[in-house]
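Structural features, examined
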Amino acid sequence: MINSESQDKVAYKNFFFQKSVKRKKTADKDKNSYLGRIMRIVNISFGRFPEISYLNPRFKPRSLKLKLVLDVFLPKEKKSISFPQIYGKLKKILPTLDKHKCCVGLLYGSFSYSNESDAPIKQVGGVTDIAHLIEHMIIDLEASISHMPTCSGITCGYKRPEVRFDLFIECKDRSVARFASNFSVFLMNHLFSGKSLSPRYFDLVSLAKYLYKDRSLILCPEKIASDLGWKVSYTRKRIKELLNFKYLTKDELNPSDSVKEAKNE
Ligand SMILES: [Zn+2]
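Residues numbered from 1 in each chain as written. Predicted model: local features only at pLDDT ≥ 70, side-chain atom pairs only at ≥ 80, totals over all residues.

**Brief notes about the overall build of the chain**
Helix and strand counts for the chain come out as 9 helices and 8 strands. The proportion of buried residues among the 265 residues of the chain is 31%. Once local pairs closer than 6 in sequence are excluded, the contacts in the chain between residues at least 24 apart make up 64%. (Helix = DSSP H or I, 4+ residues; strand = E, 2+ residues; numbered from the N terminus. Buried ≥ 20, exposed ≤ 12 C-beta atoms within 10 Å, placed from the backbone. Contact = placed C-beta atoms within 7 Å.)

In structure tokens, the structure reads:
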């Protein structure tokens, strides 16, 4: 787990910037455990991270940020990544990706409700493009679900291990940021495994937006189904998926269970 109070240092790759950050030593795990997935989440944490704030001038002063530590692997059978192809598929789920601004030279991006949609996401090549695309997906999901007028982030690659990246992204709601992280990584792994993106993933984003206004409505799947024009059984399955992606908690879904546990303590 990366901790700004630890004594060991790691340097990010210098094509991003020359800044070092403090972190604990982590072992480079057996790559066999990543077979079948192009990426995995190493850690999710939250903070203001003043040591990196100056790297993206669009970061709001002292804004709360998600820090996502990510390992990205290019499967051996894939000699290159077709970025336009992956991007094109993701746009069906996240159509507002086209509205992002992306800085030339440094890999930082931001979203704001503007009409400047000429240059979406820059590329530098290799797995870095995939980590960077995850940053934009998270920005997009957070901005649309939690109604953020602007949201900015930055992708930082490690020198060692080369497969590791730190993504810092402004956030308003931690549960939305957790969902955005888990869901984005899931979508990317899903795409790289050769599967197509089901329309139900689009519905999952719609449900996350719907519940953001009033999370207690998860206890009324019939009302959600009626409001969204879905079947109740379909709605229950999507609610369960939001639990798996850490947008919802078990206690929220089964409040009576948590009351029972509290009484038994
Ligand atoms: Zn960018």
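**A closer look at the confidence of the model for the chain**
Summary statistics for the chain give a mean pLDDT of 80 and a share of 74% for residues scoring 70 or more. The secondary structure element of the chain with the lowest average pLDDT is strand S2 (residues 20-22), at 34, and the one with the highest is helix H6 (residues 221-228), at 97. Here residues 14-34 is a poorly scored stretch, pLDDT under 50, and it has 36 contacts once near neighbours within four places are set aside; other chains count. (pLDDT = per-residue confidence, 0-100.)

**Notes on the nonpolar core**
Counting residues in hydrophobic clusters, the biggest one holds 49 residues, and the most contacted among them are Ile-134 and Leu-242. Those elements that place two or more of their residues in this core are strand S4 (65-72), helix H2 (83-93), helix H3 (127-145), strand S7 (150-157), strand S8 (164-170), helix H4 (174-192), helix H5 (199-213) and helix H7 (232-244). Both domains that meet at this core, namely domain 1 (9-196) and domain 2 (198-265), each give it at least three residues. Those residues in contact with Leu-242, other than ones at most four positions away along the chain, are Phe-179, Leu-204, Leu-207, Ala-208, Tyr-247 and Leu-248. (Core = buried A, V, L, I, M, F, W, Y, C linked by C-beta atoms within 7 Å. Domains from an automatic or database assignment.)

**Considerations on the pairing of S4**
Burial within S4 is extensive, with 7 of its 8 residues counted as buried. Pairing of strand S3 (residues 39-47) with S4 involves 8 bridges; the strand directions are antiparallel. Bridged to Asn-43 within S4 is Val-69. In this sheet, S8 lies alongside S4 in antiparallel orientation, the contact comprising 7 bridges. Its bridge partner lying in S8, Asp-71 is registered against Arg-164. (Pairing = 2+ DSSP bridges.)

**Brief notes about H4**
Its 19 residues place the ends of H4 27 Å apart at the C-alpha level, agreeing with the 27 Å of an ideal helix rising 1.5 Å per residue. Where H4 is concerned, the buried positions are Ser-175, Val-176, Ala-177, Phe-179, Ala-180, Ser-181, Phe-183, Ser-184, Val-185, Leu-187 and Met-188. Contact partners of the buried residues in H4: S3, S4, H2, H3, H5 and H7. (Expected span 1.5 Å × (residues − 1).)

**Thoughts on the environment of Thr-235**
Examined against the element boundaries, Thr-235 turns out to sit in helix H7. Looking at Thr-235, the number of C-beta atoms within 10 Å reads 22, which means it is buried. Along the backbone, Thr-235 and Glu-222 are 13 residues apart, and their C-alpha atoms lie at a distance of 8.1 Å. Those residues in contact with Thr-235, other than ones at most four positions away along the chain, are Pro-221, Ile-224, Ala-225 and Trp-230.

**Structural notes on the packing of H6 against H7**
Contact pair H6 / H7: the axes reach a minimum separation of 9 Å and the direction vectors enclose 110 degrees. Compared by their axis directions, H6 and H7 come out roughly perpendicular. Facing Pro-221, Glu-222, Ile-224 and Ala-225 of H6, the residues of H7 in contact are Val-232, Thr-235, Arg-236 and Ile-239. A per-class count over the contact of H6 with H7 returns 5 nonpolar, 1 polar and 2 charged. (Axes fitted to C-alpha atoms, helices over the stretch in contact; angles between N-to-C directions. Parallel < 35°, antiparallel > 145°, perpendicular 65-115°, else oblique. Nonpolar A, V, L, I, M, F, W, Y, C, P; charged D, E, K, R; others polar.)

**A few points about the packing of H3 against H5**
Taken N-terminus to C-terminus, the directions of H3 and H5 make an angle of 40 degrees; their axes are 9 Å apart at the nearest point. With respect to their mutual orientation, H3 and H5 come out oblique. Of the residues in H5, those in contact with Leu-141, Ser-144 and Ile-145 of H3 are Val-205, Ala-208, Lys-209 and Tyr-212. Across the contact of H3 with H5, the residue classes break down as 5 nonpolar, 1 polar and 1 charged.

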